[in-house]
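Single-letter residue listing:
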Amino acid sequence: MNITATLFGQVIVFTLLILFIKRFLWEPVLNTMEDRKARIAEGLAASEKGAEDARLAEERAIEILREAKNQAAEIVAQGKAREAQIVEEAKNKAIEEANRIKVATEAELEQEVIRAKDSLRTQVSELAVAGASKILGKEIDAKTHKSVLDELVAKI
Amino acid sequence: MSDTNAPAISNPVEYIQHHLTNASLGGHPEALVDFGVFFIDTFLVTVVLASLVAFVAWRVGKNIDADNPTGIQNVLETIVEFVNQQVKDIFPNADRLIGPLAITIFVIVFLMNLMDIIPVDLLPALVTGVAKAFGANPHEVYFKAVPTTNLDTTFALALIVFALIIFYNIKSKGITGYAKMFLFHPFGKFAIPVNIIMTAIEELAKPISLGLRLFGNMFAGELLFLLIALLGFAWAMPGQVVLGMLWSIFHLLVIPLQAFIFMLLTIVYLSLASQGVDEH
């Protein structure tokens, strides 16, 4: 139970030990623990962010899907409308074509008839002149009897 | 007494006195304070324990792995976290010396106290055996294993704390602030001489109570182990075993408790010292 020179030895030993512990244990361990704490917090934040991202992505996927469905429906509707339109157009064109052909044919026919009538008239007048000259035995001057002939032709 | 290692009921006083004597250089101390003497056993045990702590600390600090803490790293991380929590609770804006100081005090005091659990005759017997082999007189060979049963050890720690108390006082208050604390505390400016005496007593009481508390507890524990060891003769053997066990179990509570108290009071004192000037 005395204070001796050991006191100084002990003070030196303890001081050295404190400095040693500070340098080689306390600071590395505390830094590591703080580092780990920070990394765990970071990881938790990242996972939370990931979950949030996933939620957003899912929402977006649903939206895209809905949009795609709408678009598909629209396209189908458009297609149907176009189909009806094409059918209608084709029908109209066919009717038009048919009418055109009919009109052309009718005109041709009429012309043919007129032409036949004309040729018939000429032939009738010639025939009439020929017939008359045969009956009368002399040349009938077509010019002098022109009015008669014309009357005849007009009657045909 | 022919054999110092056998508890001799015939001469209990000599047995106990022998066990309470340090192996020393420069003879045995003659006054309460005798700087001509050096207790080699206390110093040696302290150095061995400090080296052990330093070695383990160095190995753990070198191989520290944040992702895969194993074995001793877990133990030390737990202690570091525990001490750091205490420091944070008591001394919120502590600088980076307080933590290492606290943990070193806690660990080294704990280990030095733990030497008390080693049977009281084991280490002295070993040392005496070795010394006898070198031809020394066993009666002249002393070995007191527990460093904290020695005032030098406890006051060495208390002195370090005391020096730091003064350092932090001056750091936080300035030299004039520290002087003002002596002059005007606790009774204001009209009782300066009383203030100086009161503050000096208050400041000196801190290291003295720190040193004496630890010393008293461990010395008393050691003394009781020695008294129990005296029961080591024929019919008293069961009593020795039972009492020794009970006292060991009780002492296992005292050992970490005293280490913890020393650490806690160190933090408290330094926290108080770091407070700014307060008005009275």
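Throughout this description, residue numbers start from 1 for each chain and increase along the sequence as written. Chains carry letters from A onward and ligands carry numbers from 1 onward, assigned in written order. Where local features are concerned, this predicted model is filtered to residues with pLDDT of at least 70; where side-chain atom pairs are given and counted, the filter is 80 or more; whole-chain, interface and lining totals use all residues. The basis for every side-chain value is the complete set of heavy atoms in the structure, and neither hydrogens nor water enter the calculation.

## Side note on the overall build of chain A
And then number 1: If you tally the helices and strands in chain A, you get two helices and one strand.
And then number 2: Mapped in sequence order, the helices and strands of chain A form the string β-α-α.
And then number 3: Two things to know: the radius of gyration comes from C-alpha atoms, and the globule rule equals 2.2 Å times the number of residues to the power 0.38. Against the 2.2 N^0.38 benchmark of 15 Å for 156 residues, chain A shows a C-alpha radius of gyration of 60 Å, more extended than a compact globule.
And then number 4: With the C-alpha coordinates aligned to their principal axes, the bounding extent of chain A is approximately 195 × 25 × 20 Å.
And then number 5: By residue count, 16% of the 156 residues in chain A fall in the buried class.
And then number 6: Summed over all atoms, the accessible surface of chain A reaches about 12,200 Å², with 62% contributed by carbon and sulfur.
And then number 7: This count recognises Lys and Arg as positive and Asp and Glu as negative, with His and chain-terminal groups excluded. A charge is said to be at NZ when it belongs to Lys, at CZ for Arg, at CG for Asp and at CD for Glu. Positive and negative side-chain charges in chain A, numbering 24 and 27 respectively, have mean positions lying 1 Å apart. Numbering of helices and strands runs from the N terminus; a helix is a DSSP stretch of H or I covering at least four residues, while a strand is a stretch of E covering at least two. The buried label goes to any residue with under 20% of its type's maximum accessible area, the exposed label to any with over 50%, and the partly exposed label to all in between, with areas taken from a 1.4 Å probe on protein chains only. Only the protein chains shown count as cover for residues, and the accessible areas themselves come from Shrake-Rupley with a 1.4 Å probe.

## Description of a nonpolar patch on the surface
And then number 1: A surface patch of nonpolar side chains, about 400 Å² in accessible area, is lined by F8 of chain A together with L32, V33 and F35 of chain B.
And then number 2: Examined against the element boundaries, F8 of chain A turns out to sit in helix α1 (residues 6–136).
And then number 3: Judged by relative accessible area, which is 44%, F8 of chain A ranks as partly exposed. Patch definition: residues with relative accessible area over 30% and no salt bridge; like charges joined within 9 Å; nonpolar side chains (Val, Leu, Ile, Met, Phe, Trp, Tyr) joined within 5 Å. The rule for a salt bridge is simple: a side-chain nitrogen of Lys or Arg has to be within 4 Å of a carboxyl oxygen of Asp or Glu.

## A short note on the interface of chain A and chain B
And then number 1: We call two residues in contact whenever any of their non-hydrogen atoms come within 4.5 Å of each other. Taken together, the contacts link 31 residues of chain A with 51 residues of chain B.
And then number 2: Here the buried area means the combined drop in accessible surface, using a 1.4 Å probe, for two parts upon being joined, counting both sides. A buried area of about 4,000 Å², summed over both sides, lies between chain A and chain B, and 74% of it is on carbon and sulfur atoms.
And then number 3: Of all residues in chain A, I3, F14 and W26 of chain A give up the largest surface area on contact with chain B, accounting jointly for 18% of the area buried on that side.
And then number 4: For the pair chain A and chain B, the interface holds two salt bridges.

## What to know about the packing of aromatic side chains
And then number 1: To pair, rings of Phe, Tyr and Trp, with the six-membered ring standing in for Trp, must have centres within 6.5 Å; the planes then decide the type, stacked if under 30 degrees apart, edge-to-face if over 60, and tilted in the middle. Inspection of every chain in the model, using the stated rule, returns eleven aromatic pairs over all chains.
And then number 2: Judged by centre distance (6.4 Å) and plane angle (65°), the rings of F225 of chain B and W247 of chain B are edge-to-face. With F225 of chain B in helix α7 (residues 192–229) and W247 of chain B in helix α8 (residues 237–273), the pair connects residues that are 22 residues apart, well separated along the chain.
And then number 3: Classification of F225 of chain B by relative accessible area gives buried; the value is 9%.
And then number 4: Accessibility expressed as a relative area gives 18% for W247 of chain B, which makes it buried.
And then number 5: Feature note: the residues F82, F106 and F260 of chain B constitute an aromatic cluster, connected by ring pairs.
And then number 6: Only lysine NZ and arginine CZ atoms are considered, and such an atom sits over a ring when it is within 6 Å of the ring centre and within 35 degrees of the ring normal. Across from the ring centre of F24 of chain A, 4.7 Å away, lies the NZ or CZ of R23 of chain A, which sits over that ring.

## Examining the nonpolar core
One recurring pattern in soluble globular proteins is that nonpolar side chains are buried together.
And then number 1: L25 of chain A together with I103, I105, I108, V109 and L270 of chain B are the most contacted members of the largest nonpolar core, which totals 63 residues.
And then number 2: Going through the elements one at a time, α1 of chain A together with α2 (40–62), α3 (71–90), α4 (98–114), α6 (151–184), α7 and α8 of chain B are the ones with two or more residues in this core.
And then number 3: Apart from the residues lying within four places of it in its own chain, the contact partners of I108 of chain B are F14 and L17 of chain A together with L49, A50 and V53 of chain B.
And then number 4: For this analysis, a nonpolar core means a set of buried residues of the types Ala, Val, Leu, Ile, Met, Phe, Trp, Tyr and Cys, connected via side-chain atoms within 4.5 Å. In this structure, Y15, F225, L226 and W247 of chain B belong to the second largest nonpolar core, which totals nine residues.

## As for the pattern of salt bridges
Residue and element names in this part refer to chain A.
And then number 1: The final tally for this structure, using the stated rule, is twelve salt bridges over all chains.
And then number 2: When the shortest N-O distance is used, the salt bridge between E27 and K22 registers 2.9 Å.
And then number 3: Of the charged contacts, one joins E52 and R55 as a salt bridge, the two residues approaching to 3.0 Å between their closest N and O atoms. Of this pair, E52 and R55 both sit in helix α1, three residues apart, roughly one helical turn.

## Quick word on the confidence of the model for chain B
All names here are of chain B.
And then number 1: In the predicted model, chain B carries a mean pLDDT of 87, and 95% of its residues have values of at least 70.
And then number 2: The lowest-confidence element of chain B is strand β1 (residues 24–25), averaging 82 in pLDDT; the highest-confidence one is α4, averaging 94.
And then number 3: Every residue is assigned a pLDDT by the predictor, reflecting its confidence on a scale from 0 to 100. Note that pLDDT drops below 50 for residues 1–8; the model gives that stretch 22 contacts with residues more than four away or on any other chain.
And then number 4: Confidence metrics for the complex model read pTM 0.73 and ipTM 0.87.

## As for the side chain of N84 of chain B
And then number 1: Topologically, N84 of chain B is positioned in helix α3.
And then number 2: Filtering out sequence-adjacent residues up to four positions away, N84 of chain B remains in contact with W26 and L30 of chain A.

## What about the environment of D65 of chain B?
And then number 1: Checked against the element boundaries, D65 of chain B lands in the loop between α2 and α3.
And then number 2: Here D65 of chain B falls in the partly exposed class, since its relative accessible area comes to 31%.
And then number 3: Apart from residues no more than four positions distant in its own chain, D65 of chain B is found in contact with T32 and R36 of chain A together with Q73 of chain B.

## Things to note about the environment of K155 of chain A
Residues and elements named next belong to chain A.
And then number 1: Here K155 is to be found in helix α2 (residues 146–155).
And then number 2: Look at K155 and you get exposed, because its relative accessible area is 68%.
And then number 3: Considering only alpha carbons, one finds K155 and T144, eleven residues apart in sequence, at a separation of 19 Å.

## Quick word on α7 of chain B
Since the α-helix advances by 3.6 residues per turn, residues separated by three or four positions end up pointing in the same direction.
And then number 1: Take the residue count of a helix, subtract one, and multiply by 1.5 Å to get its expected span. Its 38 residues place the ends of α7 of chain B 54 Å apart at the C-alpha level, agreeing with the 56 Å of an ideal helix rising 1.5 Å per residue.
And then number 2: Of all the bends in α7 of chain B, the largest measures some 30° and sits at A205 of chain B, one to four residues before the proline P207 of chain B. A residue's bend is the angle separating two fitted axes: one through the seven residues that end there, the other through the seven that start there.

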